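A closer look at the structure
Listed here are the chains, written in short residue letters.
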2 protein chains.
Amino acid sequence: MFNPMVLDSHKWVDTSGPYMDIVVSTRSRYARNIVGLPFAPYAKPDELAKIVETVDKSIASQDVLGASDRIIIAKVPRLERRYLKESRIISAELEKGGEHRIVYLSHECNRSVMVNEEDHIRMQCIMAGLQLRNTLTAIDEIDGRMDVSVEYAFSEKFGYLATCPTNTGTGLRVSVMMHLPGLALSQKIDKILSLVQPYGLTIRGFYGEHSEYIGDFYQISNEVTLGKSEEEIVEILDKVVTQILTREQQAREQLFAKKSNAIDDAIWRSYAVLSNARMIDSSEAMKLLSRIRLGIDRGYFSSFTHSELNKLIIEIQPAHLDLREGGNVGSEARDIARAGLLRKRFHGIISDN
Amino acid sequence: MFNPMVLDSHKWVDTSGPYMDIVVSTRSRYARNIVGLPFAPYAKPDELAKIVETVDKSIASQDVLGASDRIIIAKVPRLERRYLKESRIISAELEKGGEHRIVYLSHECNRSVMVNEEDHIRMQCIMAGLQLRNTLTAIDEIDGRMDVSVEYAFSEKFGYLATCPTNTGTGLRVSVMMHLPGLALSQKIDKILSLVQPYGLTIRGFYGEHSEYIGDFYQISNEVTLGKSEEEIVEILDKVVTQILTREQQAREQLFAKKSNAIDDAIWRSYAVLSNARMIDSSEAMKLLSRIRLGIDRGYFSSFTHSELNKLIIEIQPAHLDLREGGNVGSEARDIARAGLLRKRFHGIISDN
């Protein structure tokens, strides 16, 4: 049986990157489809099998990902699939399960190739901090190696063809996960975020399209991939993200200078609950961890790194806790386990406040 | 200038009494008026002065209170008056200030005689825990000594006459301050409290008639003093309070047995905020201290006594904090001072949780 817990020790989240105080992660992905075969949602089982076979051959012959695992989604139980989704290793689409679906995952867990997701091939790279060009370079390398043996569905007029029109073109989606408590606390977040749309960018929460902005996490990504080059897309993201980053820095400075009592109160109350609660749900925990992240910037909790906090946000998600506890333990037991994990992690991290 | 802070070291609240885990305090008072003079609200200044003179003479000649202080309300600044009200030493009526108003306060601060409150004379005794007969005995003694030299307004038909009809009769009001978090948390409080009214009893919050039931504190007292003897009034209170006390004990036992996770969570979160917050208002602080009180019963915070917690509830009130800070410091600074006081008090009280 596949045991996702073994992945724990070498996640992308353990690494570090630029602007970690504000940017959690950067993710780039390409959507690709193989010529002459129906898009995955419309393909028959034997066609899906053919797609898997084509990708298998390419990955084996071109050493596309380097050292990697091949995970057959149909053999991964529901809870473990959810775990992989929470770890941001597979998409919500692949979490659903289904036959003839595969994910190749590099041993560092930062690069992956999903087969028979919405498109035949989704190749992605996720890195800690703000690393637009590094993640693009990484998927360019995957894409280039696969291109040697796989013939992509490509139109001179539209570019790479994809199941969903928004992915047709470059097939590139770049997402930057930002942590913006400063702008949120100073009620500037809505204005800032409204400036993003005219650039063709969109905003989601920590866990994708339908998640709220829990814990002041905002995932900014390009909405369409058509009509712009890969480089142009990255440049727009870079420009907008850098602007938001500067505004967030200013907002935090202003808050620390002008509302230090209220900010310190919010930070220390969050620390208090994290180190003492006996039951806590994931949404509340994310909100409290968000304040601890801000606390690091304020000069507290110096024994914590941003990487550790980012990892903790993933570790407190439901499937992560269920797997620690040995199975689906139900909501109350999970809330107790979550509180126990957080209490252990936060206990004694400061000698005096 | 009168300095109420010197009273701090010998308050009634430092003492202990029966059922301290559920009963904060018992207070008994008599309303008395002097024959041949108008009720205080209708009396002219020279008549009010005459009342003060009569009481002064009686207290001096009969050693009514033993060692005591004579405090002239008109000479007590507004903030200090509020401090005395918060300490439950003077009434809301006397807090308003005004000429020819006096309070005699025993050195233990548990017995007092107020002059020209709503009635000419209000004599009261407050004790920690459930002490119905002890408080009654104490005011009986005051009443008996004063009766030697003061002729009370008394009617064979109605008993002692008072400004307000509800105080006419025995002039006795007995109030028991109960802490009922068990009944409140198990949603049984409304039902229990509705049983009180048919006995001619009424319920108020911690600070009297217009305060809400903040922190699950419920002050139960007789509504009228006419038609029943002093002994009957005390017996009714005793019967009803004992019933509520038993129900509260049962409710706590059930909660501890069946909802221990949720209860522990509530208790430890309260401890967490009290020992870490940087700003806190009095209403929130009372609610959190209420949970700590419950925590003592649950077996935590063994270094805390109920007396200390009862005292803390008084010390976090606005005027108490203002006087510590040297004057009216305003709402934000007061919330910061309150958080600082609580943090200091709760810091390190437990080595491990």
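Notes on the structure follow. Predicted, not measured: the structure shown is a model, and the values here were computed from it.

1. Details of the nonpolar core
The biggest cluster of nonpolar side chains holds 78 residues, and the ones touching the most others in it are A:Phe346 and B:Phe346. Those residues in contact with A:Phe346 that sit more than four places away from it in its chain are A:Tyr271, A:Leu274, A:Ser275, A:Leu289, A:Ile292, A:Phe304, A:Leu309 and A:Leu312.

2. Brief notes about the relation of the copies chain B and chain A
Mapping chain B onto chain A is achieved by rotating through 180° and translating by 0.1 Å along the same axis, at an RMSD of 0.0 Å. What the superposition gives is, in effect, a two-fold axis relating one chain to the other. Proximity to the rotation axis, assessed at the C-alpha, singles out B:Ala272 in chain B; its C-alpha lies 2.3 Å from the axis.

3. Examining the interface of chain B and chain A
Across the contact, 22 residues belong to chain B and 22 residues belong to chain A. Each partner contributes to the roughly 1,800 Å² buried at the junction of chain B and chain A, and carbon and sulfur atoms together form 47% of this total. Where chain B touches chain A, the interface holds two salt bridges. The shortest N-O distance in the salt bridge between A:Glu284 and B:Arg269 comes to 2.7 Å. Along the contact surface separating chain B from chain A lie eight residue pairs in polar contact (both at pLDDT 80 or more). Elements with a contribution of two residues or more to the side of chain B that touches chain A: helix 8 (260–274) and helix 12 (331–346) of chain B. Top element by residues in the side of chain B that touches chain A is helix 8 of chain B. It accounts for nine residues.

4. Considerations on the packing of aromatic side chains
Per the stated rule, a full pass over the model turns up 22 aromatic pairs over all chains. Each ring, one from B:Tyr213 and one from B:Tyr218, has its centre 4.7 Å from the other, and the planes form 35°; the classification is tilted. Residue class for B:Tyr218 comes out buried when judged on its relative accessible area of 5%. Judged by centre distance (5.6 Å) and plane angle (85°), the rings of B:Trp268 and B:Tyr271 are edge-to-face. Of this pair, B:Trp268 and B:Tyr271 both sit in helix 8, three residues apart, which is roughly one turn of the helix. Across the pair, exposure class does not vary: B:Trp268 and B:Tyr271 are buried alike. The ring of A:Phe206 carries the charged tip of A:Arg88 above its face, separated from the ring centre by 5.6 Å.

5. Observations concerning the sheet that holds strand 9 (residues 201–204) of chain B
All names here are of chain B. Within the open sheet, the eight strands sit side by side as 2-3-4-5-1-8-10-9. Their pairing is antiparallel. The outermost strands of the open sheet, each flanked by one partner alone, are strand 2 (68–72) and strand 9. This sheet shows a mean twist of 20° between the axes of neighbouring strands, independent of strand direction. Pairing analysis gives four bridges linking strand 3 (residues 102–106) to strand 4 (residues 111–115), with the strands arranged antiparallel. Across the sheet, residue Ile 102 finds its bridge partner in strand 4, namely Val 115. Against the sheet, helix 7 (residues 230–258) contacts strand 1 (23–32), strand 8 (172–179), strand 9 and strand 10 (217–222), and its axis sits at roughly 5° relative to strand 8.

Each value, and the rule that gives it
Residues numbered from 1 in each chain as written. Chains lettered and ligands numbered in written order. Predicted model: local features only at pLDDT ≥ 70, side-chain atom pairs only at ≥ 80, totals over all residues. Heavy atoms only, no water. Core = buried A, V, L, I, M, F, W, Y, C linked by side-chain atoms within 4.5 Å. Buried < 20%, exposed > 50% of the residue type's maximum accessible area, 1.4 Å probe, protein only. Contact = heavy atoms within 4.5 Å. Least-squares fit on C-alpha atoms with pLDDT ≥ 70 in both. Buried area = accessible area lost by both parts, 1.4 Å probe. Salt bridge = Lys/Arg side-chain N within 4 Å of Asp/Glu carboxyl O. Polar contact = N/O pair within 3.5 Å; in protein donor to acceptor, adjacent residues only side chain to side chain. Helix = DSSP H or I, 4+ residues; strand = E, 2+ residues; numbered from the N terminus. Phe/Tyr/Trp six-rings, centres within 6.5 Å; stacked < 30°, edge-to-face > 60°. Lys NZ or Arg CZ within 6 Å of the ring centre and 35° of its normal. Pairing = 2+ DSSP bridges. Axes fitted to C-alpha atoms, helices over the stretch in contact; angles between N-to-C directions.

Shape descriptors only; they carry no functional weight alone.
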